[in-house]
Number of protein chains: 2
Amino acid sequence: MSTREILLETAEKAVRRRGYDGFSYADLSAKVGIRKASIHYHFPKKEDLALALMMRYRETVIKDLERISKQHTLAGKRLSEFVDIYRQALGNCDMLCLCVAFSSGPDSLNKDILEEITCFQTEANAWLTEVFELSIKDKTILNVIDSNNDAAACLALVQGAQLVARAADDIMEFEKAVAGLMNRVKT
Amino acid sequence: MSTREILLETAEKAVRRRGYDGFSYADLSAKVGIRKASIHYHFPKKEDLALALMMRYRETVIKDLERISKQHTLAGKRLSEFVDIYRQALGNCDMLCLCVAFSSGPDSLNKDILEEITCFQTEANAWLTEVFELSIKDKTILNVIDSNNDAAACLALVQGAQLVARAADDIMEFEKAVAGLMNRVKT
DNA sequence: GTCTATAGTTTGATAGAC
DNA sequence: GTCTATCAAACTATAGAC
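What you are looking at is a predicted structure, and each value in this text was computed from that prediction instead of being measured. (Residues numbered from 1 in each chain as written. Chains lettered and ligands numbered in written order. Predicted model: local features only at pLDDT ≥ 70, side-chain atom pairs only at ≥ 80, totals over all residues. Heavy atoms only, no water.)

**Student:** Quick question: what am I supposed to make of helix H2 (residues 25-32) of chain B here?
**Tutor:** Every α-helix carries 3.6 residues per turn, so stepping three or four residues along brings you back to the same face. All names here are of chain B. Those residues of H2 lying buried are Tyr 25, Leu 28 and Ser 29. Seen along its axis, H2 keeps its buried residues to an arc of 100°; they face one direction. Residues of H2 that are exposed and angled more than 90 degrees away from the buried face: Ala 30 and Lys 31. On its buried side, H2 packs onto helix H1 (3-18), helix H3 (36-42) and helix H4 (46-71). (Buried < 20%, exposed > 50% of the residue type's maximum accessible area, 1.4 Å probe, protein only. Helix = DSSP H or I, 4+ residues; strand = E, 2+ residues; numbered from the N terminus. Arc of directions from axis to C-beta. Contact = heavy atoms within 4.5 Å.)

**Student:** Whenever I open this one, the nonpolar core confuses me. Can you help?
**Tutor:** Generally speaking, a soluble globular protein has its nonpolar side chains buried in company with each other. Ranked by internal contacts, the top residues of the largest apolar core, which has 126 residues, are A:Phe102 and B:Phe102. Contact partners of A:Phe102, with chain neighbours within four places excluded, come to A:Val15, A:Tyr20, A:Ala50, A:Leu53, A:Met54, A:Leu109 and A:Ile117. (Core = buried A, V, L, I, M, F, W, Y, C linked by side-chain atoms within 4.5 Å.)

**Student:** What's the story with the environment of B:Met95 in this structure? I'm lost.
**Tutor:** Take B:Met95: it is sitting in the loop between helix H5 (75-89) and helix H6 (98-103). The contacts of B:Met95, once residues within four sequence positions are left out, are B:Lys13, B:Arg16, B:Arg17, B:Ala89, B:Leu90 and B:Arg166.

**Student:** What's the story with the interface of chain B and chain A in this structure? I'm lost.
**Tutor:** Interfaces are often described in size by the accessible area the parts lose on coming together. Contact residues are listed per partner, giving 34 residues for chain B and 34 residues for chain A. In this assembly, chain B packs against chain A so that about 2900 Å² is buried in total across both faces, 62% of it on carbon and sulfur atoms. Of all residues in chain B, the largest losses of buried area upon contact with chain A belong to B:Leu163, B:Ala167 and B:Lys176, amounting jointly to 17% of the total for that side. Along the contact surface separating chain B from chain A lie zero salt bridges. (Buried area = accessible area lost by both parts, 1.4 Å probe. Salt bridge = Lys/Arg side-chain N within 4 Å of Asp/Glu carboxyl O.)

**Student:** How should helix H8 (residues 147-168) of chain B be read in this particular structure?
**Tutor:** Residue and element names in this part refer to chain B. Look at H8: 31 Å from first C-alpha to last across 22 residues, which is about the 32 Å you get at 1.5 Å a residue. Of all 22 residues that make up H8, 20 are buried, and the element is covered over most of its length. Among the residues of H8, the N-terminal cap falls to Asp 146, whose side-chain oxygen and the backbone nitrogen of Asn 148 are separated by 2.9 Å. Just downstream of H8 lies Asp 169, where phi reads positive at about 55°. (Expected span 1.5 Å × (residues − 1). Polar contact = N/O pair within 3.5 Å; in protein donor to acceptor, adjacent residues only side chain to side chain.)

**Student:** I keep staring at the protein's contact with DNA strand C and nothing clicks. Help me out?
**Tutor:** Inspection of the region around DNA strand C gives 17 residues, with A:Arg35, A:Ser38, A:His42, B:His40 and B:Lys46 positioned closest. In DNA strand C, the atoms that sit within 4 Å of the protein are 61% sugar and phosphate, with bases accounting for the remainder. One of the side-chain N or O atoms of A:Tyr41 is found 3.4 Å from a phosphate oxygen in DNA strand C. Here a phosphate oxygen of DNA strand C and a backbone polar atom of B:Phe23 are 3.5 Å apart. Breaking the surface near DNA strand C down by element, the ones donating at least two residues are helix H3 (36-42) of chain A together with H2 and H3 of chain B. (Near = heavy atom within 4 Å.)

**Student:** I'm lost on the packing of helix H5 (residues 75-89) of chain A against helix H9 (residues 171-183) of chain A in this one. Help?
**Tutor:** A packed helix pair is summarised by two numbers, namely the angle formed by the two axes and the spacing between the axes. All names here are of chain A. At a minimum axis distance of 12 Å, the contact between H5 and H9 shows a crossing angle of 165°. The pairing of H5 with H9 is recorded here as roughly antiparallel in orientation. Relative to H9, the crossing made by H5 is right-handed. On H9, the residues that touch Leu 79, Ser 80, Val 83, Tyr 86 and Arg 87 of H5 are Ile 171, Phe 174, Glu 175, Val 178, Leu 181 and Met 182. Among the residues forming the contact of H5 with H9, the class breakdown is eight nonpolar, one polar and two charged. (Axes fitted to C-alpha atoms, helices over the stretch in contact; angles between N-to-C directions. Parallel < 35°, antiparallel > 145°, perpendicular 65-115°, else oblique. Left-handed = near helix turned anticlockwise from the far one by under 90°. Nonpolar A, V, L, I, M, F, W, Y, C, P; charged D, E, K, R; others polar.)

By themselves, these figures tell us nothing about what the structure is for.
This is the structure:
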């Protein structure tokens, strides 16, 4: 793994644990084992790092969603896998997904990063809408009235479920929050 | 309004816009019109301010919920009012509710504040559980299977809906996310 | 690419006069 | 209660040697 990739990997975990304002180049320096100045070589400004993080995250998740679509033909199964991505991202209830971590303090983020977040949300929404659309045909998710609204609700639900689970430091809060959605899945 | 109350009021908005790490005593000083040192008289440490903020917030919301319970006897109407609290808190999609704002970076918060957040979530969950329980009798919310899970899902949903709406800077994202829930309300 | 050294700000916090 | 003055520490960022 290149130094740049190690930096991104380490920084992502830091942001997901403590937020964008909550980590510094000094933290990164200590954890990665190179000097602060060297980090500036790879990412001249902290904003550059943040943007690279969000771009990498978006690409990763989109690839995950494409993989899920290929591996699973049933809408219900795809939805379960989607929820699982957010469940995994919680770790030991000490992390949020990067998108949620960034979404909390947008006022200190610049336009490019906000755009990247919005773009991610749009793509996730589109993928979910397709899933709910498909479920109307294959009947693997019950009570779908409006695919668009169901998609938006689903995205908000898993993100909010992360927040409450993290605050309570209890994965069961996540499970309780998504239980109703998962009960609609019949495969 | 006392200086202390003005400070709390101003600080709350700052936290909800920029997060706990994103605002400083210098910001507060400029907005309120007293010197930094004077703020330290009221709140010796920033943690003291944060704790006071979260306690005040919890008390306010609990009172709101009690008021709603008194004003409305139908479960569906109570749920609508609950969602409205979170809708209002969004402002012009530039703010989160204090609980969500704090939940995002718990690693930098001390134990007392985290306890206050957990306590708030527990109380909100209990109130919501009662609402869904009531709805089984008065039939003003449809498809209630497990009141406990429905409550957890509802809390996660409104909090997540705030996140996505704020990121998109579009109140419609909030509305789309809660549309499915509101469709279950029949009054 | 990584280092040392350092600039220039901002941060949370304190001492002591009024 | 609020002020001036000041602190030590942390922060982002840059210059220049290797």
